[in-house]
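What follows is the residue order along each chain.
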Amino acid sequence: MTTGLYTHRACLEHDTGHGHPERIQRLQAVLRLLDDPIYATLERRDAPAASREQLARVHTEAYIDEVFAAIPSIGYGELDGDTVLSPGSGEAALRAAGAVTAAVDAVIGGAIKNAFCAVRPPGHHAERDLAMGFCIFNNVAIGAAQAIAVHGLSRVAIFDFDVHHGNGTQHIFAAEPRVLYASTHQSPLYPGTGAKSEKGVGNIVNAPLAPYAGSEEFRDACETIILPAIEKFRPELIMISAGFDAHRADPLASLELETEDFAWITDELVKLAAECCSGRIVSTLEGGYDLNALAESATAHVYALQKG
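A few points on the structure. (Residues numbered from 1 in each chain as written. Predicted model: local features only at pLDDT ≥ 70, side-chain atom pairs only at ≥ 80, totals over all residues. Heavy atoms only, no water.)

1. Here we look at the pairing of strand β5 (residues 114-117)
Reasoning step 1: Along β5, one buried face is formed by Asn 114 and Phe 116 and the opposite face, lined by Ala 115 and Cys 117, is buried too.
Reasoning step 2: Bridge count between strand β1 (residues 3-7) and β5: 4 bridges; the pairing is parallel. Residue Leu 5 lies in a different strand from β5, and its bridge partner there is Phe 116. (Buried < 20%, exposed > 50% of the residue type's maximum accessible area, 1.4 Å probe, protein only. Helix = DSSP H or I, 4+ residues; strand = E, 2+ residues; numbered from the N terminus. Pairing = 2+ DSSP bridges.)

Here it is as structure tokens:
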């Protein structure tokens, strides 16, 4: 079986305006490198639009209405000071969430071995009824809810290695024992959540990293905290919030990871998935704001999924 690549041209129509870090060029940079012949075996699929039913498993009906009411017919709008909307944002957000649900369906159904969703806007800061930090709908949470509601899974693990803590994903699943949420992230840093003491119902595992921590600290946190927690949980599916802004070149944070660290952790997750869930992994793009570091790290991540 092959690795699936889910994306959609609508994700390039989410225009955040001049100078915004979560810009169209991010996805363009990733997709450009994924055109290399070494990725020729990827099964490339257009992302469908998520349904309202899929969104409503993790977001309130009122919030969904609020999002679509705020989308402008011309120019720009916003859901908060960071989360900008343009006329194309609604379809982009639906395609980003739909990519993850479709990838979950395909991986669990055995059509592909694992998948990467090259989409924007990102999602892990979006709470049940609140947009935050460039995020509209919580794509990875919507995918996890799909795995539980449609496929009957009882254990879904989410590992978030974005430099910013995924407050939205933690908020949505803090009382849901069928989902393990594990995160490495810089602390202190936006959004200010993700302390070790935040444990949910025993299903939240946070491993905050101090500013300027690098490969050694990241790998130690993964080997001693994150990977053992996932292994103990024995997930039927591993999902990844794949943010690449912990790279040393990223302008929005102060961790000092290298491209090789993202390849390494992906290799480790592939090995763990092979042991506990028949290799099932669905990954989705979150942050990463230096274009070269983002593209190189994301493609290293995809290459590790592909060869796993």
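2. Some details on the sheet that holds strand β8 (residues 204-209)
Reasoning step 1: Taken together, the 8 strands give an open sheet; going across it, the order is β2-β1-β5-β10-β9-β6-β7-β8, and neighbouring strands pair in parallel fashion. Sheet topology places β2 (43-46) and β8 at the edges, where each strand pairs with a single neighbour. Sheet twist, expressed as the mean angle between neighbouring strand axes with direction ignored, is 15°.
Reasoning step 2: Judged from the 5 bridges that link them, strand β6 (residues 156-160) and strand β9 (residues 237-242) form a sheet pairing that is parallel. (Axes fitted to C-alpha atoms, helices over the stretch in contact; angles between N-to-C directions.)

3. A short note on the pairing of β1
Within a regular strand, side chains alternate between the sheet's two faces.
Reasoning step 1: Counting buried residues along β1, 5 of its 5 residues qualify, which places the element largely inside the surrounding structure.
Reasoning step 2: Alternating residues of β1 divide into Thr 3, Leu 5 and Thr 7 and Gly 4 and Tyr 6, and every residue in both groups is buried.
Reasoning step 3: Judged from the 4 bridges that link them, β1 and β2 form a sheet pairing that is parallel. When the sheet's bridge partners are listed, Tyr 6 is paired in β2 with Arg 45.
Reasoning step 4: With helix α1 (residues 24-33) bridging β1 and its parallel neighbour β2, the resulting β-α-β unit is right-handed. (Right-handed = clockwise from strand over helix to strand, strands pointing away.)

4. As for the packing of helix α4 (residues 89-109) against helix α5 (residues 139-149)
Reasoning step 1: Close contact between α4 and α5 brings their axes to 8 Å; oriented N to C, the two are set at 35°. Where α4 crosses over α5, the handedness of that crossing is right-handed. Residue-level contacts link Ala 93, Ala 96, Ala 97, Val 100, Thr 101, Val 104, Asp 105 and Ile 108 of α4 to Asn 139, Val 140, Ile 142, Gly 143, Gln 146 and Ala 147 of α5.
Reasoning step 2: Along the lines of polarity and charge, the residues of the contact of α4 with α5 split into 9 nonpolar, 4 polar and 1 charged. (Left-handed = near helix turned anticlockwise from the far one by under 90°. Contact = heavy atoms within 4.5 Å. Nonpolar A, V, L, I, M, F, W, Y, C, P; charged D, E, K, R; others polar.)

5. Let's talk about the environment of Glu 236
Reasoning step 1: Position of Glu 236 relative to the elements: it lies in the loop between α7 (215-233) and β9.
Reasoning step 2: Measuring from C-alpha to C-alpha, the distance between Glu 236 and Ser 187 comes to 30 Å, with 49 residues separating the pair along the chain.
Reasoning step 3: For Glu 236, the contacting residues outside a window of four places in its chain are Leu 153, Ser 154, Arg 155, Cys 277 and Arg 280.

6. Comments concerning the pattern of salt bridges
Reasoning step 1: The final tally for this structure, using the stated rule, is 13 salt bridges.
Reasoning step 2: Among the salt bridges present, the one from Arg 52 reaches Asp 65, with a minimum N-O distance of 2.7 Å. Taken together, the positions of Arg 52 in helix α2 (residues 52-56) and Asp 65 in helix α3 (residues 61-70) put the pair 13 residues apart, joining distant regions of the chain.
Reasoning step 3: Several salt bridges converge on common partners, so that one network encompasses Glu 22, Arg 26 and Arg 120. (Salt bridge = Lys/Arg side-chain N within 4 Å of Asp/Glu carboxyl O.)

7. Quick notes on a negative patch on the surface
Reasoning step 1: Taken together, the side chains of Glu 216, Glu 217, Asp 220 and Glu 223 define an acidic patch exposed on the protein surface.
Reasoning step 2: Assignment of secondary structure puts Glu 223 in helix α7.
Reasoning step 3: Judged by its relative accessible area of 48%, Glu 223 falls in the partly exposed class. (Patch = residues over 30% accessible without salt bridge, like charges linked within 9 Å, V, L, I, M, F, W, Y side chains within 5 Å. Areas by Shrake-Rupley, 256 points an atom, 1.4 Å probe, with all protein chains shown as cover. Lys, Arg positive; Asp, Glu negative; His and termini not counted. Charge placed at Lys NZ, Arg CZ, Asp CG, Glu CD.)

8. Some remarks on the side chain of Thr 83
Reasoning step 1: Note on placement: Thr 83 falls in the loop between β3 (77-78) and β4 (84-85).
Reasoning step 2: When its relative accessible area of 1% is taken as the criterion, Thr 83 is described as buried.
Reasoning step 3: Contact partners of Thr 83, with chain neighbours within four places excluded, come to Gly 77, Glu 78, Ala 131, Met 132, Gly 133, Phe 134, Cys 135 and Ile 136.

9. Observations concerning the packing of aromatic side chains
Reasoning step 1: Evaluation of the coordinates by the stated rule reveals 9 aromatic pairs.
Reasoning step 2: Aromatic pair Tyr 63 and Phe 137: ring centres 6.2 Å apart, planes at 90°, arrangement edge-to-face. One end of the pair, Tyr 63, is in helix α3; the other, Phe 137, is in the loop between β5 and α5, with 74 residues separating them in the sequence. Accessibility classification places Tyr 63 together with Phe 137 in one group, the buried group.
Reasoning step 3: Ring geometry for Phe 161 versus Phe 262: centroids 5.6 Å apart, planes at 45°, classification tilted. Here Phe 161 is found in the loop between β6 and α6 (167-173), whereas its partner Phe 262 is found in helix α8 (residues 259-276), with 101 residues between them in sequence. The pair formed by Phe 161 and Phe 262 is uniform in burial state, with each residue classed as buried. (Phe/Tyr/Trp six-rings, centres within 6.5 Å; stacked < 30°, edge-to-face > 60°.)

10. Here's the deal with the environment of Asp 160
Reasoning step 1: Within the secondary structure layout, Asp 160 lies in strand β6.
Reasoning step 2: Using a relative accessible area of 0% as the deciding quantity, one classes Asp 160 as buried.
Reasoning step 3: Distance in space between the C-alpha atoms of Asp 160 and Glu 91 is 25 Å, their sequence separation being 69 residues.
Reasoning step 4: Those residues in contact with Asp 160 that lie beyond four places of it in its chain are His 124, Gly 166, Tyr 181, Ala 182, Ser 183, Thr 184 and Ser 241.
Reasoning step 5: A polar contact of 2.7 Å, which involves the side chain of Asp 160, links it to the side chain of His 124. (Polar contact = N/O pair within 3.5 Å; in protein donor to acceptor, adjacent residues only side chain to side chain.)

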